[in-house]
Amino acid sequence: MERQWPYENQLGQEEVLRCDVLVLGGGLAGCYAAIAAARAGQSVIVVEKGATARSGAAGSGFDHWEVACTNPCCKISPKEMAEAFIDEQDHYSNGIAHYIECREGYDRLLDMERFGGKIRDTEDEFKGAAFRDDETKLMFAYDYENRYTLRVWGSTFKPALYQELLRLGVRVLDRVEATALFTEETPAGKRCVGASGMQVRTGKFYRFYAKSTILTMSRPARIWLFHPDLVGLSEFRPTQSIGSGHAMGFRAGVEFTMMEKSVKGEFSAAGRSFPPYSTGNNHNTWYAATMVDARGVEIPYVDRDGNELKTVLERYLPAKGQKFFLKGGVIDEPKYEYRGPETLPFEELMRRGYQLPFYADLSRMPEEERRVIWGMMVGEEGKTKIPVLQSLTERGFDPEKDMLQSYGTGWQSAAFLAQERQLFGAPGGIIHDWDLKTNLDGLYAAGDQLFASDCCGFAASTGYYAGRKAASAAKKTDFGQISESDVAKEKERLYAPLYVEDDMDWRELNMAISKAMQNYCGGIKCKDLLLEGLHLLEKYEREDVPTLSCKNPHELMRTHEVMDILTVSKMIIQACLLRESSSKPLCFERSDFPAMDPAKDRHFITIRQENGKIIAGHVPHDYYGDIEEEYEKRNQDYIGGGAQ
Amino acid sequence: MSISFTAQTYPASARPLSFDESLCMGCNRCVNICQVDILLPNATAGKPPIVCYPGECYYCGSCVMACPVPGAIRLRHPLMNETKFVPVKKP
Ligand SMILES: Cc1cc2nc3c(=O)[nH]c(=O)nc-3n(C[C@H](O)[C@H](O)[C@H](O)COP(=O)(O)OP(=O)(O)OC[C@H]3O[C@@H](n4cnc5c(N)ncnc54)[C@H](O)[C@@H]3O)c2cc1C
Ligand code: SF4
Ligand code: SF4
């Protein structure tokens, strides 16, 4: 049944707005960026495609906040922790952002508490538990000895941030997608002077003039994984977060790095996996659940030396002689130095006669460990309160009486093929300086838009930091000029699909792109294959994008997404062509350059676009210098009380 | 050229949302919290929203969390995504 569109038709209308600091994307990073800039007395606009109160990867919640090293119970210094991360990731790591996260993350949690979010066990539900500090009521995950990662009530966070934005007088434009950046040439180089947007219910066009702009639109998705029927289950992150920020940045000349990195799928892909955190496993949210095999035989946990652990508590403690271990979002199979307790590897379990399927059996765990996994972590973690906790409870699941099945061989809840890839873990993104500024003047970035980004603490702390730096730059500059012809071109690009009648649906193009990326930019890559892929994507852009058609602003937004996915896919192939060797930490295999991580290529390769040409750059891994020294040089104002 | 917008429910193999018409008061809070914007307000005031783009649902549960009337809206993963559980076994 065809029905009338329920919202106003504002096609052809344009609103022009000005602000000191413009934030594109209202997730965790964007909200904290806006708060920092507003606190600095700047006028701020947040442009958010969804609804800020619940938008972004952390919209419905999250359960742990990583590396809050300045919390009063933590035994690891920010420098030690950030350097461990850098070392663990073989220096393909974002040292600047990780240090900011370790150093300022806990301040952002204290902010959150002031805004009304819940960061400690105020009701004494877990009094006396090994993971709780009874004095501060803070609760910890993973390493109970060193206490660097907190368990938090993340479902309370986004609504609290949204209220704080309103309280500070930030102008929040929900349901507006940012579509392009505007730049002007100055004697010092290119400068970002604003952006455009479209209201995704009414079609109204926005033109924003800003002294500083911050990109916080998360990372690309639906590049290799796309399901035209269950689109929202294609990937791990929200449907509407597909890398528009990367696409508009690339079009405007922003420099990226590590875009050649992608990993074999770990989560989602509609048909293959189960709802995240809904299956029996012992990672992340579910660390360190007791696992059993089909016969009910317990699967042993071992320390890094292979010694079997006797108690549940030992699963949360470093090995003898080890100061601390690393666990969390980007930590997969850590080096010996940082390796924590783990169940025996799958192959070893098969050798020893353990039988599939495996299950998580919480009934065998101490009462408060069971309750904190099933009820707090599963409940506060993103996408769990309703679709997992409530739904399984309604189906009769009782963690004291039932055990939950595992699928595949690990926590991924599915087994993927080599060509089914994702930007998951710590993928590529925008490369930046110590101000989190991009290569364009006036343009900053934070959160999952940065290269080698990972989690909530990272997003919140880099967001706030970028907001601070963008605000102080805005104070020293004036508005720039937006070229009328740039605006006209952008409008034409944006609205064209509304004027094409009954032709190609956006899903068809997304499907074609992901098939092309699986075929030409899959597990094993080589020059000829990549070039074939590039030619095909260029053909799509030239001949098929003009046939895209849709009937309302919602579908138009989805159509814009696929146009952005196409831009990002091309950038990924170009980045793959630039690295002429293979690399283990980048999960990058080239059959024409099989040498793994040769010395000549052990650095960041960057990519940007200028007048349609690809420009590569080479940046040493340690370009940011000594993380503590360089941070302190630039943040005396914050250290001296700006931290609030 | 002026254009009028139209919407047609885009069917999917799954039905993520269902409403209890006797409980839902048509306040549209679920419509306005959904970051994916898969719902449209009903043309008849007081009636449950229209799930216009069910395939785009991200299954986050925010719509259910926002609903002031318990039971008015239900979220269900596609059948293939029902995780299996069994009574605990002692070896
Ligand atoms: C299910 C799930 C569970 C997770 N659990 C944890 C956890 O427990 N701990 C942890 O540390 N991390 C967790 N993460 C990761 C963490 O949530 C993210 O790393 C973090 O939220 C990233 O913040 P961000 O602000 O960079 O991006 P997001 O919060 O995703 O925000 C990006 C925002 O940009 C908006 N946007 C996108 N495109 C546009 C556009 N064109 N115009 C305007 N707006 C746009 C989006 O709508 C979105 O609101 C989890 C992620 C998921 C998906
Ligand atoms: S579960 Fe999330 S994505 Fe699906 S309709 Fe509800 S709010 Fe929207
Ligand atoms: S929030 Fe609840 S009561 Fe309101 S329209 Fe949605 S389902 Fe109905």
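Cut-offs used in this document
Residues numbered from 1 in each chain as written. Chains lettered and ligands numbered in written order. Predicted model: local features only at pLDDT ≥ 70, side-chain atom pairs only at ≥ 80, totals over all residues. Heavy atoms only, no water. Helix = DSSP H or I, 4+ residues; strand = E, 2+ residues; numbered from the N terminus. Rg over C-alpha atoms; globule rule 2.2 N^0.38 Å. Buried < 20%, exposed > 50% of the residue type's maximum accessible area, 1.4 Å probe, protein only. Contact = heavy atoms within 4.5 Å. Near = heavy atom within 4 Å. Nonpolar A, V, L, I, M, F, W, Y, C, P; charged D, E, K, R; others polar. Buried area = accessible area lost by both parts, 1.4 Å probe. Salt bridge = Lys/Arg side-chain N within 4 Å of Asp/Glu carboxyl O. Polar contact = N/O pair within 3.5 Å; in protein donor to acceptor, adjacent residues only side chain to side chain. Pairing = 2+ DSSP bridges. pLDDT = per-residue confidence, 0-100. Domains from an automatic or database assignment. Expected span 1.5 Å × (residues − 1). Core = buried A, V, L, I, M, F, W, Y, C linked by side-chain atoms within 4.5 Å.

Secondary structure assignment for chain B yields two helices and six strands. Listed by position from the N terminus, the elements making up chain B come as β-β-α-β-β-α-β-β. By the compact-globule yardstick of 12 Å for 91 residues, chain B is too spread out, its C-alpha radius of gyration being 16 Å. Counting only C-alpha atoms, chain B reaches 75 × 30 × 20 Å along its principal axes. A buried classification covers 52% of the 91 residues belonging to chain B. Here the analysis covers contacts within chain B between residues at least 6 apart in sequence; of these, 53% occur between residues at least 24 apart.

In the vicinity of ligand 3, the contacting residues are B:F19, B:C24, B:M25, B:G26, B:C27, B:N28, B:R29, B:C30, B:P49, B:C67, B:P68 and B:I73. A class-by-class count of the residues in the shell around ligand 3 yields nine nonpolar, two polar and one charged.

What follows deals with the interface of chain B and chain A. Counting residues at the interface gives 50 residues for chain B, matched by 74 residues for chain A. Here chain B meets chain A over a buried area of about 5500 Å², counting both sides, of which 55% is carbon and sulfur. For the chain B face of the interface with chain A, the top three residues by lost area are B:F5, B:Q35 and B:Y58, together amounting to 16%. The tally of links between chain B and chain A comes to five salt bridges. Salt-bridge contacts for A:R507 lead to B:E56; the nearest nitrogen and oxygen are separated by 3.6 Å. Where chain B touches chain A, the interface holds 34 residue pairs in polar contact (both at pLDDT 80 or more). Of all the elements in the fold, those that place two or more residues in the side of chain B that touches chain A are β1 (6-8), α1 (29-33), β3 (39-40), α2 (62-66), β5 (73-75) and β6 (85-87) of chain B. Split by residue class, the side of chain B that touches chain A holds 30 nonpolar, 13 polar and seven charged. In this sheet, β6(B) lies alongside strand β17 (residues 402-405) of chain A in antiparallel orientation, the contact comprising three bridges. Directly across from A:M403, in β6(B), lies its bridge partner B:V86.

Moving on, we get to the confidence of the model for chain B. Chain-level statistics for chain B give a pLDDT mean of 95 and a share of 99% at 70 or above. If you check the scores for this complex, the pTM reads 0.98 and the ipTM reads 0.97.

Before going further, it helps to examine the side chain of A:E630. Position of A:E630 relative to the elements: it lies in helix α15 (residues 627-634). Not counting the four nearest positions on each side in its chain, A:E630 is found in contact with A:W434, A:Y624 and A:G625.

Now for the environment of A:E66. All names here are of chain A. Tracing the backbone through its elements, the reader meets E66 in the loop between β4 (64-65) and α2 (78-88). Note: C-alpha distance between E66 and Y142 (76 residues apart in sequence) is 10.0 Å. Not counting residues up to four positions away in its chain, the partners in contact with E66 are F85, E101, Y148, T149, G328, G329, D454 and C455.

For the rest of this paragraph, the subject is the sheet that holds β6(B). Pairing is antiparallel in the open sheet, where four strands are placed in the order β13(A)-β16(A)-β17(A)-β6(B). The sheet terminates laterally at β13 (291-292) of chain A together with β6 of chain B, the two strands that pair on one side only.

Below, the discussion takes up the domain arrangement of chain A. The figure often quoted for interface size is the accessible area lost as the parts come together. Residues and elements named next belong to chain A. Here chain A is partitioned into domain 1 (14-116 + 152-261 + 420-483), domain 2 (284-325 + 336-406) and domain 3 (484-618). Taking only C-alpha atoms into account, the centre of domain 1 sits 22 Å from that of domain 3. Taken together, the contact between domain 1 and domain 3 spans 56 residues of the former and 55 residues of the latter. Buried surface at the junction of domain 1 and domain 3, both sides included, amounts to about 4700 Å², of which 62% is carbon and sulfur. Looking at the side of domain 1 facing domain 3, the largest losses of area belong to Y92, F250 and E260, adding up to 18% of the total buried there. For the pair domain 1 and domain 3, the number of links is six salt bridges. K49 is paired through a salt bridge with E561; the nearest N and O atoms lie 2.8 Å apart. Put simply, the parts of the chain that give the side of domain 1 that touches domain 3 at least two residues each are β8 (176-186), β9 (189-199), β10 (205-215), α5 (244-252) and β11 (256-257).

Attention now goes to helix α12 (residues 506-520) of chain A. Residue and element names in this part refer to chain A. Taking 1.5 Å as the rise per residue, α12 with 15 residues should run 21 Å; its terminal C-alpha atoms sit 21 Å apart, in good agreement. Of all the positions in α12, only W506, R507, L509, N510, I513, S514, A516 and M517 are classed as buried. Residues of α12 that are buried make contact with α13 (527-544) and α14 (553-578). One side-chain oxygen of the residue at the start of α12 lies 2.9 Å from the amide nitrogen of R507, identifying that residue as D505.

Applying the stated criterion across every chain yields a total of 62 salt bridges over all chains. Measuring nitrogen to oxygen at the nearest pair gives 2.6 Å for the salt bridge that ties A:E80 to A:K323. Of this pair, A:E80 sits in helix α2 while A:K323 sits in the loop between β14 (301-302) and β15 (342-343); the two residues are 243 residues apart in sequence, bridging distant segments of the chain. Among the residues examined, A:E80 registers a relative accessible area of 27% and is labelled partly exposed. For A:K323, a relative accessible area of 47% corresponds to the partly exposed category. Between A:K600 and A:D601 there is a salt bridge whose closest N-O contact spans 2.8 Å. Residue classification places A:K600 among the exposed residues on the basis of a relative accessible area of 54%. Each of the salt bridges in this network shares a partner with another, and the network as a whole consists of A:K49, A:R222, A:D505, A:R507, A:R558, A:E561 and B:E56.

Looking now at the sheet that holds strand β6 (residues 149-151) of chain A. Spatial ordering of the open sheet is given by β4-β6-β5 (chain A), a layout of three strands whose pairing is antiparallel. With one partner strand each, in any of the chains shown, β4 and β5 (140-141) of chain A form the two edges of the open sheet.

Time to look at the side chain of A:R315. Note on placement: A:R315 falls in the loop between β14 and β15. Beyond its immediate stretch of four places on either side in the chain, A:R315 contacts A:Y287, A:A288, A:A289, A:T290, A:E298, A:Y301, A:L309, A:F325, A:P341 and A:M365.

The next thing to look at is the pairing of β8(A). All names here are of chain A. Counting buried positions along β8 gives nine out of eleven residues, so the element sits mostly inside the fold. Where β8 and β9 come together, ten bridges link them in antiparallel fashion. Paired with V176 across the two strands is Q199, which belongs to β9. In textbook terms, the turn of a hairpin is the stretch between consecutive antiparallel strands, and for β8 and β9 this stretch comprises two residues.

Glancing now at unusual backbone geometry. Residue A:Y287 is joined to A:A288 through a cis peptide bond whose omega torsion reads -5°. Backbone torsion omega between A:L356 and A:P357 reads -5°, so that peptide bond is classified as cis. Mapping A:P357 onto the fold places it in the loop between α6 (346-351) and β16 (359-360). In this model, A:M258 sits at a positive phi of 60°, which is unusual for a non-glycine residue. Assignment of secondary structure puts A:M258 in the loop between β11 and β12 (263-264). Positioned with a positive phi, B:D37 is a non-glycine residue whose angle comes to about 60°. You can see B:D37 is positioned in the loop between α1 and β3.

What follows is about the nonpolar core. Counting residues in hydrophobic clusters, the biggest one holds 188 residues, and the most contacted among them are A:L24, A:M81 and A:W286. Examining the composition of this core, we find that eleven residues originate from one element, α14(A), more than from any other. Setting aside its immediate chain neighbours within four residues, A:M81 contacts A:V67, A:C69, A:I76, A:C102, A:Y148, A:F324 and A:L326. Grouped together as the second largest cluster of nonpolar side chains are 42 residues, A:W5, B:L17, B:C30 and B:C52 included.

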